[in-house]
Amino acid sequence: MKKQIVKYSAFFVTVLLVSLTSCEQLSIGGKKTSDRFSSSPEKSPIQPGLIDEASGLVDSRTISGHLWVHEDGGSPAILSLINKSGALVSRITLPFENRDWEDLAVGPGPQDGTSYLYMADIGDNINQHDACFVYRFPEPKSPNEAVTSYDRIAFRYPDGPRDAEALLVDPKTKDIFVVTKREDNARLYRLPYPQSTSEITQAAYLGEIPLNMVTGGSVSADGNEILLRTYLGVQHWRRENGQSLADAMQRSNGRALVVHLEPQGEAIAFDKEGNGFYTLSERANAPSVTLNYYKRL
């Protein structure tokens, strides 16, 4: 589903004109980890016509060297697997509707030791849907493995319908977070674990984040870092010991990362090793797009 870009964060407009000069090193579990990432990504071309409306992206936990990607609402209910050179490897038809899929997350779930994918059917351009859905299913272990079972987590917002495009899953708590798109300050909601799969539940409103036009999000595999992207930039947060994802995003400004402007950038994902992150854009009116990898410095 095509969208008009109507408002941008002035904060990110400024960030695009400057570069970060300090390289902060943090010790996490005895390992030195930088919060700086390259501003010049490694680019892999995506063949036009294969994935033109990329909206969600994750680095596979079960098929090494590959990423899962899905397309926006109005597209077929298909999960695509690409390699890290941007080539399409396979497509898997999913057994639920693509009303308006907007993001994809990966993380733990009900069965210990199983990696789950979380498909976020949370887009609502004109604020008309009574309920939104997150579909949770075991991550396929091979490129053509069929998805035959899934959980549907249905929820409402406590303050009326919202348009959202960013989903975060906390690997430490299994809580689900939704970040809205169109408000001046994005609104943050939580679905605490265990989420009901039989009733429509009410998401808990947690407050605002000083970003707008948020189009995607990702949490690192260890749960210690968070990314939110807009059409113009990426914001990164480091989570402190004992801190919730919400507190990490709301109690600090985080770090604005310098990234290349994309035609209509919506998808973002940490790599599973924590060495960097990927972005992927809808093609919109561009002749082609690239899978971009920003390596940690």
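Everything quoted here is computed from the prediction, not taken from an experiment. (Residues numbered from 1 in each chain as written. Predicted model: local features only at pLDDT ≥ 70, side-chain atom pairs only at ≥ 80, totals over all residues. Heavy atoms only, no water.)

1. Considerations on the environment of Lys-141
Considering the arrangement of structural elements, one finds Lys-141 in the loop between strand 10 (132-138) and strand 11 (151-156). Spatially, the C-alpha atom of Lys-141 lies 9.5 Å from that of Ser-115, the residues being 26 residues apart in sequence. Apart from the residues lying within four places of it in its own chain, the contact partners of Lys-141 are Thr-62 and Ile-63. (Helix = DSSP H or I, 4+ residues; strand = E, 2+ residues; numbered from the N terminus. Contact = heavy atoms within 4.5 Å.)

2. Re the pattern of salt bridges
With the rule as written, the count across this model stands at 18 salt bridges. A salt bridge links Arg-238 to Asp-35, with the shortest nitrogen-to-oxygen separation between them at 2.7 Å. With Arg-238 in strand 19 (residues 234-238) and Asp-35 in the loop between strand 2 (31-34) and strand 3 (42-46), this pair connects stretches of sequence that are 203 residues apart. Where Glu-183 meets Arg-162, a salt bridge forms, and the shortest distance between an N and an O atom there is 2.8 Å. Note that Glu-183 is positioned in the loop between strand 13 (176-180) and strand 14 (186-191) and Arg-162 in the loop between strand 11 and strand 12 (164-169), a separation of 21 residues in sequence. What makes Arg-162 buried here is its relative accessible area of 17%. Several salt bridges share partner residues, and in doing so they unite Asp-35, Glu-225, Arg-238 and Arg-296 into one network. (Salt bridge = Lys/Arg side-chain N within 4 Å of Asp/Glu carboxyl O. Buried < 20%, exposed > 50% of the residue type's maximum accessible area, 1.4 Å probe, protein only.)

3. A look at the sheet that holds strand 11
Read from one edge of the open sheet, 5 strands run 8-9-10-11-15, paired in mixed fashion. Either end of the sheet is taken by a strand with one partner, and the two such strands are strand 8 (101-107) and strand 15 (200-202). The mean inter-strand angle of the sheet, taken between neighbouring strand axes irrespective of direction, is 25°. As judged from the 6 bridges shared by strand 9 (residues 116-121) and strand 10, these two strands associate in the antiparallel manner. If you follow Tyr-116 over to strand 10, its bridge partner there is Pro-138. (Pairing = 2+ DSSP bridges. Axes fitted to C-alpha atoms, helices over the stretch in contact; angles between N-to-C directions.)

4. Points about empty space enclosed by the protein
The final tally for this structure, using the stated rule, is 1 cavity of 30 Å³ or more. In this model, the largest cavity occupies a volume close to 120 Å³. Around the largest cavity sit 16 residues that line it, and Val-58, Ala-105, Val-106, Ser-218 and Val-219 are the ones nearest its centre. (1 Å grid on protein atoms, 1.4 Å probe; cavity = no way out; pocket = protein on both sides within 12 Å on 5 of 7 lines; lining within 4 Å. Points joined across faces, edges and corners; volume = space filled by probe spheres on them.)

5. Notes on unusual backbone geometry
In the segment running from Tyr-193 into Pro-194, the intervening peptide bond is cis, with an omega of 0°. Summarising the element assignment, Pro-194 is placed in the loop between strand 14 and strand 15. The backbone of Asn-127 shows a phi angle near 50°, a positive value even though the residue is not glycine. Along the chain, Asn-127 turns up in the loop between strand 9 and strand 10. For Asn-127, a relative accessible area of 42% gives the class partly exposed. For Lys-174, which is not glycine, the phi dihedral falls at a positive 70°. Tracing the backbone through its elements, the reader meets Lys-174 in the loop between strand 12 and strand 13.

6. Description of the confidence of the model for the chain
Taken as a whole, the chain shows an average pLDDT of 91; of its residues, 89% reach a score of 70 or greater. The low-confidence segment residues 2-30 (pLDDT under 50) makes 72 contacts with residues lying over four places distant or belonging to another chain. (pLDDT = per-residue confidence, 0-100.)

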